[in-house]
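Residue strings, one per chain:
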Amino acid sequence: MDRFKEYSDAGAAAFDLAQPETLRQLEGIPTLLMYEVGAGGPHARVVRHGQLRNIVRRGRDINFEFEPDPDHAYLDRGLVLAMADQLGIGQFEQHRTHWAIKDGVLPLALLETGTAERVQRTVRIVAAEYVAARRELDAGMRQARRFIERFAKQLLDLSLLQ
């Protein structure tokens, strides 16, 4: 619940967890459900498209039912991430579990890639996903290493000044 409306657009101000009638307004609008980049598990690479139903706040939780789009229930995660700027999904947002409410519509080019059933992941697809994830991890490690080296140099410079 703490991350409700995190990374949301200005239109999200109309929705308030303390006012259930505003949550009902979220029902029926196009919705994407996806895990953050770097998550593990059997469904971590699945992007589901549909609508939320029966949104209810229960204590610190928000419960809902998900109704998959009958024709485009599963979207290509690579394309969703490639269209992140167009969808208003920021770089840091991709790495954090949250509930964002965005203004706008889902691009037709994205919806057209959707399938009614989940596409089976072949060895070729899994290998390509592994290579992409490894490349992303390696880039992050290089960036972290450069940061640590710069920080260590600054500490050394400061200690030499004293």
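What comes next concerns the included structure. Remember, it's a predicted structure, so these values are computed and weren't measured experimentally.

1. With respect to the pattern of salt bridges
(1) Moving on: Taken as a whole and assessed by the stated rule, the structure comprises 6 salt bridges.
(2) Moving on: The partner of Asp157 in a salt bridge is Lys153, and the shortest N-O contact between them spans 3.1 Å. With Asp157 and Lys153 both in helix H5 (residues 123-161) and 4 residues apart, this pair spans about one turn of that helix.
(3) Moving on: A relative accessible area of 33% places Asp157 in the partly exposed class.

2. Quick word on the side chain of Arg77
(1) Moving on: Here Arg77 lies in helix H2 (residues 77-82).
(2) Moving on: Buried Arg77, no salt bridge; nearest opposite-charge side chain is Glu36, N-O distance 7.3 Å.
(3) Moving on: Apart from the residues within four sequence positions on either side, Arg77 is in contact with Met34, Tyr35, Glu36, Val37, Ala44, Arg45 and Val47.

3. Description of a positive patch on the surface
(1) Moving on: Together, Arg142, Arg145, Arg146 and Arg150 line one region of the surface with positive charge.
(2) Moving on: Examined against the element boundaries, Arg142 turns out to sit in helix H5.

4. Some words on a nonpolar patch on the surface
(1) Moving on: Together, Phe147, Ile148, Phe151, Leu155, Leu158 and Leu161 give the surface a local cluster of nonpolar side chains, amounting to about 680 Å² of exposed area.
(2) Moving on: You can see Leu155 is positioned in helix H5.
(3) Moving on: Assessed through its relative accessible area of 47%, Leu155 is described here as partly exposed.

Analysis parameters
- Residues numbered from 1 in each chain as written.
- Predicted model: local features only at pLDDT ≥ 70, side-chain atom pairs only at ≥ 80, totals over all residues.
- Heavy atoms only, no water.
- Salt bridge = Lys/Arg side-chain N within 4 Å of Asp/Glu carboxyl O.
- Helix = DSSP H or I, 4+ residues; strand = E, 2+ residues; numbered from the N terminus.
- Buried < 20%, exposed > 50% of the residue type's maximum accessible area, 1.4 Å probe, protein only.
- Lys, Arg positive; Asp, Glu negative; His and termini not counted.
- Contact = heavy atoms within 4.5 Å.
- Patch = residues over 30% accessible without salt bridge, like charges linked within 9 Å, V, L, I, M, F, W, Y side chains within 5 Å.
- Areas by Shrake-Rupley, 256 points an atom, 1.4 Å probe, with all protein chains shown as cover.
- Charge placed at Lys NZ, Arg CZ, Asp CG, Glu CD.

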